[in-house]
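Breakdown of the fold
Listed below, chain by chain, are the residues.
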Amino acid sequence: MTEHIKCLIIGSGPAGYTAAIYAGRANLSPVLYQGIQAGGQLTQTTEIENFPGFPQGIDANQLMSDMQEQAARFGADIRDGEVTKISLGSKPYKVTIDDEKDVTADSIIIATGAKAKYLGLPDEEKYKGMGVSGCATCDGFFYRKKTVAVVGGGDTACEDALYLSKICKKVYLLVRKNYLRASEIMQKRVKEDENIEILFEHNVSGIFGNGAVEGINVVKRKGESNESNYQIAVDGLFLAIGHKPATDIFDGQLVLDNNGFIVTAANSQSVVSSSTKQAIDGVFAAGDVCDPVYRQAIVAAGSGCKAALEAEKYLLMQAK
Ligand code: NDP
């Protein structure tokens, strides 16, 4: 018989676990599927210094396992498994786990997160956490008084460069085109910052270093007759070339923005709408999957709380 779940939570970052803590305490018997990477994006980083409540910082993996334990303490059923298919066309909603197990759900909290995009260089994986990062606000502090490079020409890259400029000795901003795509105000700030050197028409072609990043190979005017190759010594390489939200399974069912992030209703920030713009009863989104702007663990945790409160309200109304 198909298992029926009252409150299904998809994803195991700060949003998913916080939703599970609240849903557990509200006796919603939440079931949480952790996805491929239990603990989400934060498990890719080392220490978290900006999560309130930890004056000395906390190991990111520790924080996530503490959140998981806290959710389990209130009765959340936390399971391995990835949601591979979902049908939000009629109630109860139908969900397939790992292409083999089907469940139905009365309410669903989508907290599948987003991932920083990487360039796809062979050495990126090798140096992840050893000089290569997709999150300046998470890892920037470790590059205090050092030289770093940021790749990208959008608002995130400019924000990251400005953030790092306050901490680091020098910041190179590598932009593949001959202009920045960021908003005017961000462009102005970056251009006026003496600590930031913008290198237009530059691409990173490789990373080198003995164990940790010591520098990057760059190509100036890639593909053109006056193309040139050289090396820049840097201690850190920050990628700010966009984020990819994990929303492939919702495509065509939910309203997504141009970058694939779930669009939530302005008045609730967790209610999601179908592609016909009708709110979908009992389906909510939380965390980075619906946040193209802030992408912080604390914000994700807060939105997980909101989504669980919305789910509780919804389930209460259904029971009446
Ligand atoms: P964007 O998609 O706006 O910019 C990505 C940048 O990365 C572009 O300059 C792009 O170059 C470059 N890029 C992409 N792929 C590569 C690659 N393989 N090699 C080199 N460069 C590459 O992403 P953002 O994350 O900056 O912004 C996403 C959205 O979030 C935007 O709408 C932005 O305005 C918004 N945002 C808002 C903020 C705020 O309001 N405070 C803060 C941060 C983001 P190219 O231009 O050549 O395509």
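Everything that follows concerns the structure shown earlier in this document.
Predicted model only: the values in this text are computed from it and were never measured. (Residues numbered from 1 in each chain as written. Predicted model: local features only at pLDDT ≥ 70, side-chain atom pairs only at ≥ 80, totals over all residues. Heavy atoms only, no water.)

Section: the state of the cysteines
Selection criterion: Note on terminology: pairs of cysteine sulfur atoms within 2.5 Å are recorded as disulfides. Accessible area is worked out with a 1.4 Å probe on protein chains only. A residue is then buried under 20% of its type maximum, exposed over 50%, and partly exposed in between.
On inspection of all chains with the given rule, the structure shows one disulfide. The disulfide that involves C135 links it to C138, with 2.0 Å between the sulfurs. Here the disulfide of C135 and C138 is right-handed, its torsion about the S-S bond being about 75°. Here C138 falls in the partly exposed class, since its relative accessible area comes to 26%. We note that C7 lacks a disulfide partner, and the nearest cysteine sulfur, in C305, lies 13 Å from it. C7 gets classed as buried once you look at its relative accessible area, which sits at 0%.

Comments concerning the side chain of S107
This is how the line gets drawn: Put simply, DSSP marks the helices as runs of H or I at least four residues long and the strands as runs of E at least two long, and each gets a number from the N terminus on. By definition in these notes, contact holds between two residues if any of their heavy atoms fall within 4.5 Å.
Within the secondary structure layout, S107 lies in strand β8 (residues 101–110). Judged by its relative accessible area of 0%, S107 falls in the buried class. The residues touching S107, leaving out its near neighbours within four places in the chain, are K6, C7, L8, G282, A311, Y314 and L315.

Here we look at the site of the ligand
Test applied: Being near a molecule or strand, for a residue, comes down to having at least one heavy atom within 4 Å of it. We define a polar contact as two N or O atoms separated by no more than 3.5 Å, with the added condition that, inside protein, one atom must be a possible hydrogen donor and the other a possible acceptor, whereas residues neighbouring each other in sequence contribute only through side-chain atom pairs. Only the protein chains shown count as cover for residues, with accessible areas throughout obtained via the Shrake-Rupley method and a probe of 1.4 Å.
Neighbouring residues of the ligand: 16 residues in total, closest G153, D155, T156, R176 and R181. Between the ligand and T156 there is a distance of 2.6 Å, counted from an oxygen atom to a side-chain nitrogen or oxygen. At 2.5 Å, a side-chain N or O of R181 approaches an oxygen atom of the ligand. When the free accessible area of the ligand is taken as 910 Å², the share hidden by the protein chains comes to 74%. Considering every element that reaches the shell around the ligand, the biggest residue donor is helix α5 (residues 155–165), with three residues.

Some thoughts on a positive patch on the surface
Here is the rule we go by: Residues enter patches when their relative accessible area tops 30% and they take part in no salt bridge; the joining distance is 9 Å for like charges and 5 Å for the nonpolar side chains Val, Leu, Ile, Met, Phe, Trp and Tyr. One side-chain nitrogen of Lys or Arg within 4 Å of one carboxyl oxygen of Asp or Glu is enough to make a salt bridge. Charge assignment in this entry is limited to Lys and Arg as positive and Asp and Glu as negative, and neither His nor the chain termini are counted. Think of each charge as sitting on NZ of Lys, CZ of Arg, CG of Asp or CD of Glu.
Taken together, K117, R176, K177, R181 and K222 make up a surface patch of like positive charges. Along the chain, R176 turns up in the loop between β12 (170–175) and α6 (184–192).

Some words on the packing of aromatic side chains
Stated formally: Only Phe, Tyr and Trp rings are paired, with Trp represented by its six-membered ring, and only when their centres lie within 6.5 Å; those with planes under 30 degrees apart are stacked, over 60 edge-to-face, the remainder tilted.
The tally for this structure, following the rule as stated, stands at two aromatic pairs. For the ring pair F51 and F54, a centre distance of 6.3 Å and an interplane angle of 45° mean the geometry is tilted. An angle of 80° between the planes, with centres 5.3 Å apart, marks the rings of Y143 and F238 as edge-to-face. Here Y143, found in the loop between α4 (136–139) and β11 (147–151), pairs with F238, found in strand β17 (residues 236–239); they are 95 residues apart in sequence, far enough to count as distant. Judged by its relative accessible area of 11%, Y143 falls in the buried class.

Remarks on α5
All of the buried residues in α5 are A157, C158, D160, A161, L162, L164 and S165. Contacts made by the buried residues of α5 are with α4, β11, β12, α6, β13 (196–200) and β17.

Overview of the sheet that holds β13
Test applied: A pair of strands is labelled paired if DSSP reports no fewer than 2 bridges between them. All axes are obtained by fitting lines to C-alpha atoms, using only the stretch in contact for helices, and the reported angles, taken between N-to-C directions, cover 0 to 180 degrees.
Taking strand neighbours across the sheet as the criterion, the five strands line up as β10-β17-β11-β12-β13 in an open arrangement whose pairing is parallel. Taken across any chain shown, the strands that pair with only one partner, and hence form the sheet edges, are β10 (132–133) and β13. Its contacts with the sheet put α5 on β11, β12, β13 and β17, and the angle it makes with β11 is roughly 170°.

Here's the deal with a nonpolar patch on the surface
Among the surface-exposed residues, V293, Y294, I298 and V299 lie close enough to one another that they form a single nonpolar patch of about 380 Å² accessible area. Take V299: it is sitting in helix α7 (residues 297–319). With a relative accessible area of 33%, V299 lands in the partly exposed category.

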